[in-house]
Structures are given as structure tokens and as C-alpha cells.
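Here is how the chains run, residue by residue.
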Amino acid sequence: MFPEISVTRTTSPRTKPIPGQSLPFGQYFTDHMFIMDYVEGQGWIHPRIEPYGPMMIEPSAMVFHYGQAVFEGLKAYRCADGSINLFRPRLNYERINLSDERLVIPHLDEDFCVYATRELVRIDQDWIPSGDGESLYIRPFVIATDPYLGVRPANTYRFMIILSPSGAYYPQGINPVKIYVEDKYVRAVRGGTGFTKCAGNYAASLIAQDIAHKKGFVQVLWLDGIEQKYIEEVGSMNILFVIDGKLVTPALNGSILPGITRRSCIEFARSIGMEVEEKRISIDEIIDAGKSGRLTEAFGSGTAAVISPVGELKYEDTTLTINENKIGPVARLLYDTITGVQRGVKEDTLGWTIKV
Ligand SMILES: *Cc1c(COP(=O)(O)O)cnc(C)c1O
């Protein structure tokens, strides 16, 4: 049995976005949030659902100074029959524990976190948008709360879940994007925090993204932090390629985030007999495969977009156009399969979803 979650319902419901109007990502928040605190010696205590709103936290809270913060991202989907799907939520909580361990944040009970997610989504289910491609984004996170300025792991933490109704990632259909291969800055290094969803990774990646935007690119492709030669990720997505008909993606090496969408692509591809290779891939190998016609597709994978085709890669003085800037058949199949399972319109043969 799980600890009881006390619920305080809002008496002043927030204004919901208007159905049918374009819904931005991550700007609206629902009526309630889940909170649980950690106190050394007592563990995670006082699980509760409260009205969403600002909270009191001391300016000296350690998270503001030394960045002990981790997060997750997943979605709830409204199905045509009115039921609500979550996509592999337990994997998000297994991953938050990987992040927690690296940042010396106490372990969370994954099953309880899934239970808390379901309770919160159920309470705010009227906020799940049901338009094409829309969903309820779920953001669990942990922050260090000790009011203390010494550098050490905190003794107190707060775990929270907030919910944000979000619009379709592709309101105009899937268009491949232009990607800048980043050869100056790096996202992660061996022995660092690349495999975690810790807040600092994102702060450190903003400058490259900013420069790429100014140059007219949508995202950057990150190379490894040591030789700046091997492919890691694209923006905050994993990257997959189709080379000689095989699905090829960088192996998880400690500096790459182990994406759940990446994993789902691999599992599905294998289930239909497609060959999958997880290995170290150099940028030169990709450029060569592109020039010789062996590289037929490249795409990012992540919860937000699911699949994001890459139409153009710019590396130093080379510009490589991939699949004539169109979405390819493998990207299309993976996108249709995963989104179909998420929304309950395709049979969930691999057991990926649970109902709220
Ligand atoms: C979250 C994230 C991904 C994608 O993970 P999913 O579980 O598929 O959403 C990939 N790379 C980075 C850096 C991320 O933060």
C-alpha cells in the first residue's frame, strides 16, 4: 500500500486555455500540483496535492546556488473513447532515480511516483486538451531546499509534479529541420552528468542553441566532449539515422541521455525485424554516408516532438541535405506507431501505455 496523498482542492479554478485556439508549450498550468518533502532521517513525507501556485522558499535554498535539481518530462493523452493514456511512466521515474543518484539526491519510490502522477492527472483531467496532437505535459522534478550556503548534498528536498496542457508539436505537419553541428561548445563529458536530466545541463547548453538560432538553425547537434568527433544528441533529443537500411544510433556512453522515445524506436524497429545498431558514430562517417547516398534518414527522438526529421546538417564548411529535406519512411513509421499507441488508435503490442 502507498502512503495516503492528502488532497486540498482549489476554490478558485484557473482559466483554461480555449479549445480550438493554438496552445503553446509549457505556458499554462493546471489547478493542482503534487508535493512531497524529504527530511533526513524521515524519508519522503507528507505527499499531498494542493492548488497550483507560488510557494515560499528561502533565498538561501541550496538549489539556487549549487543547482541540485533534476526533472522529468512525460505526457498524458486523451483517447477517442475518453480514457487517458500515460506512455511508459515508470521509465521516467527509473530515470529520475538515475539522475538522483548522480546528484546525491535521495531515491524515490518509482511505483509511488507513478501512482501520484495518476492521482494528480485524474484530479486535473478536465485540463487534458483533446485536439489533434495536443496533450497534457507532466513535469516531475526535485530541488534541494536546505537554507544553507555550504557546498555539500542537501538534507532536505522537495519533489513536485506540475501539469501543463500543451499544443501539437507539428501544427503544420512534420517539416524536417536545419541542424548546426556544434564544434566549439560541448554538452557533456565522460564522467559528467550527460546521462541525467539535471537542470545544469540545460543552462550550459543555451549558448550554443542561441548562436545556432541566430545563424538560422533550429537546433545543434552535439559532438562528444573529448575529441569533438563522435555524435551524441541533437538539442534535447536523441538522434537516429538510417544507413544502408539499418537503424543506427549512438550507443549510450554516459554522456548521452537515455531517452524513452529512443528506446521505444529501437524496441519497435527490432519487433518488426529491422536491424538496429547502437554504436559510436563519427560525424565524418555521417557526412561520408550522406555523400555516398547510404544515409537515407536522420531524425531526433524525444517526448515533446516524438520524431523530428533532420533535413540539413551543417558541419564546418559542409552542408549535407538529407532525403531531399523530406520526412523518410522509417521516421514516418516510428512517428505514426508511437503517436498511434500513445493516443490509443494503434494496438499497443509492446505494452507501452497504462490508463490513468
Ligand atoms: C529528455 C531528453 C531526451 C529525450 O528523452 P525522452 O525520454 O525520449 O523524452 C534526449 N536528450 C536530452 C538531452 C533530454 O533532456
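Residues numbered from 1 in each chain as written. Predicted model: local features only at pLDDT ≥ 70, side-chain atom pairs only at ≥ 80, totals over all residues. Heavy atoms only, no water.

1. Points about the overall build of the protein
Note the following rule: Numbering of helices and strands runs from the N terminus; a helix is a DSSP stretch of H or I covering at least four residues, while a strand is a stretch of E covering at least two. Radius of gyration here is computed from C-alpha atoms only, and the compact-globule reference equals 2.2 Å multiplied by the residue count raised to the power 0.38. Each residue gets one of three labels from its accessible area relative to the maximum for its type: buried under 20%, exposed over 50%, partly exposed in between, using a 1.4 Å probe on protein chains only. Whether two residues touch is decided by their heavy atoms; if any such pair falls within 4.5 Å, the residues are in contact. For the accessible areas, the method is Shrake-Rupley and the probe is 1.4 Å, while residue cover comes only from the protein chains on display. This count recognises Lys and Arg as positive and Asp and Glu as negative, with His and chain-terminal groups excluded. Charge coordinates come from a single atom per side chain, which is NZ of Lys, CZ of Arg, CG of Asp or CD of Glu.
In terms of regular secondary structure, the protein is built from seven helices and 18 strands. Relative to a compact globule of 356 residues, whose C-alpha radius of gyration would be 21 Å, the protein shows 21 Å and is just as compact. Taking all 356 residues of the protein together, the buried fraction comes to 53%. Restricting the contact set of the protein to residue pairs at least 6 apart, pairs at least 24 apart contribute 71%. Carbon and sulfur atoms make up 51% of the accessible area of the protein, which totals about 16,400 Å². Of the charged side chains in the protein, 37 are positive and 43 negative; the average position of the first set lies 2 Å away from that of the second.

2. Brief notes about a negative patch on the surface
What counts, and what does not: Excluding any residue in a salt bridge, patches collect residues exceeding 30% relative accessible area, merging like charges within 9 Å and nonpolar Val, Leu, Ile, Met, Phe, Trp and Tyr side chains within 5 Å. Salt bridges are defined by distance alone: a side-chain nitrogen of Lys or Arg within 4 Å of a carboxyl oxygen of Asp or Glu.
Residues Asp183, Asp284, Asp288, Glu316 and Asp317 make up a contiguous surface patch of negative charge. Take Asp183: it is sitting in the loop between β9 (177–181) and α4 (199–214). Accessibility expressed as a relative area gives 35% for Asp183, which makes it partly exposed.

3. Here's the deal with the nonpolar core
If you look at soluble globular proteins, the nonpolar side chains tend to sit buried side by side. Note the following rule: Here, nonpolar core means buried Ala, Val, Leu, Ile, Met, Phe, Trp, Tyr and Cys residues that are tied together by side-chain atoms lying within 4.5 Å of each other. Start and end points for every domain follow an automatic or database-based domain assignment.
Phe241, Leu247, Ile286, Phe299 and Leu313 are the most contacted members of the largest nonpolar core, which has 50 residues in total. When residues are assigned to domains, this core turns out to be shared by domain 1 (6–166) and domain 2 (177–342), each giving three or more.

4. Overview of a nonpolar patch on the surface
Together, Met55, Ile57 and Phe64 line one region of the surface with nonpolar side chains, adding up to about 250 Å² of accessible area. For Ile57, the position within the fold is in the loop between β3 (43–51) and α1 (62–66).

5. Things to note about the site of the ligand
Basically, it comes down to this: Only heavy atoms are used to decide nearness, and a residue is near a molecule or strand if one of them lies within 4 Å of it. As used in this structure description, the phrase polar contact means that two N or O atoms lie within 3.5 Å; if the pair is within protein, one of them must be able to donate a hydrogen and the other to accept it, and residues adjacent in sequence are counted only when both atoms belong to side chains.
Taken together, the neighbourhood of the ligand is formed by 14 residues, with Lys197, Tyr202, Glu233, Thr261 and Thr303 sitting nearest. Within the backbone of Ile260, a nitrogen or oxygen atom sits 2.8 Å from an oxygen atom of the ligand. Contact with the protein chains hides 96% of the accessible area of the ligand, taken as 380 Å² for the molecule alone. Contributing elements (two or more residues each) for the shell around the ligand: β12 (237–243) and α5 (260–271).

6. Some thoughts on the packing of α5 against helix α7 (residues 329–342)
What counts here: To get an axis, a line is fitted to the C-alpha atoms, and for a helix only the part in contact is used. The angle between two axes follows their N-to-C directions and goes from 0 to 180 degrees. To sort the angles, those under 35 degrees are grouped as roughly parallel, those over 145 as roughly antiparallel, those from 65 to 115 as roughly perpendicular, and the leftovers as oblique. Only Asp, Glu, Lys and Arg are considered charged, only Ala, Val, Leu, Ile, Met, Phe, Trp, Tyr, Cys and Pro nonpolar, and every remaining residue, Gly among them, polar.
Where α5 contacts α7, the two axes come as close as 11 Å, and the packing angle between them is 105°. Regarding the angle of α5 to α7, the classification is roughly perpendicular. Residues Thr261, Ser264, Cys265 and Phe268 of α5 pack against Leu333, Leu334, Thr337 and Ile338 of α7. Residue composition of the contact of α5 with α7, grouped by class: five nonpolar, three polar and no charged.

7. Examining the domain arrangement of the protein
Applicable threshold: Two parts placed together each lose some accessible area under a 1.4 Å probe, and the buried area is that loss summed for both.
When its domains are assigned, the protein resolves into domain 1 (6–166) and domain 2 (177–342). Spacing between the C-alpha centres of domain 1 and domain 2 amounts to 27 Å. Facing the 19 residues of domain 1 at the interface are 21 residues of domain 2. Taken together, both faces of the contact between domain 1 and domain 2 bury some 1,800 Å²; the carbon and sulfur share is 60%.

8. Here we look at the pattern of salt bridges
Where side chains of opposite charge bring their charged atoms close, a pairing between them can arise. With the rule as written, the count across this model stands at 22 salt bridges. In this structure, Asp210 engages Lys214 in a salt bridge whose closest nitrogen and oxygen atoms are separated by 3.0 Å. With Asp210 and Lys214 both in helix α4 and four residues apart, this pair spans about one turn of that helix. Its relative accessible area of 38% is what places Asp210 among the partly exposed residues. Residue classification places Lys214 among the exposed residues on the basis of a relative accessible area of 67%. Overlapping salt bridges, with partners in common, bring together Lys246, Glu275, Glu277, Lys279 and Glu285 in one network.

9. Topic: the packing of aromatic side chains
To be explicit about the condition: Note on aromatic contacts: the rings of Phe and Tyr and the six-membered ring of Trp form a pair at centre separations within 6.5 Å, being stacked when their planes are under 30 degrees apart, edge-to-face when over 60 apart, and tilted otherwise. By definition, being over a ring means that NZ of Lys or CZ of Arg is both within 6 Å of the ring centre and within 35 degrees of the ring normal.
Summed over all chains, the structure comprises 16 aromatic pairs. In this structure an aromatic cluster arises from ring pairing among Phe2, Phe34, Tyr38, Trp44, Tyr93, Phe112, Tyr115, Tyr157 and Phe159. Positioned above the aromatic ring of Phe217 is the side chain of Lys178, whose terminal nitrogen or guanidinium carbon lies 5.4 Å from the ring centre. The side chain of Arg280 reaches across the aromatic face of Tyr230, ending 4.0 Å from its centre.

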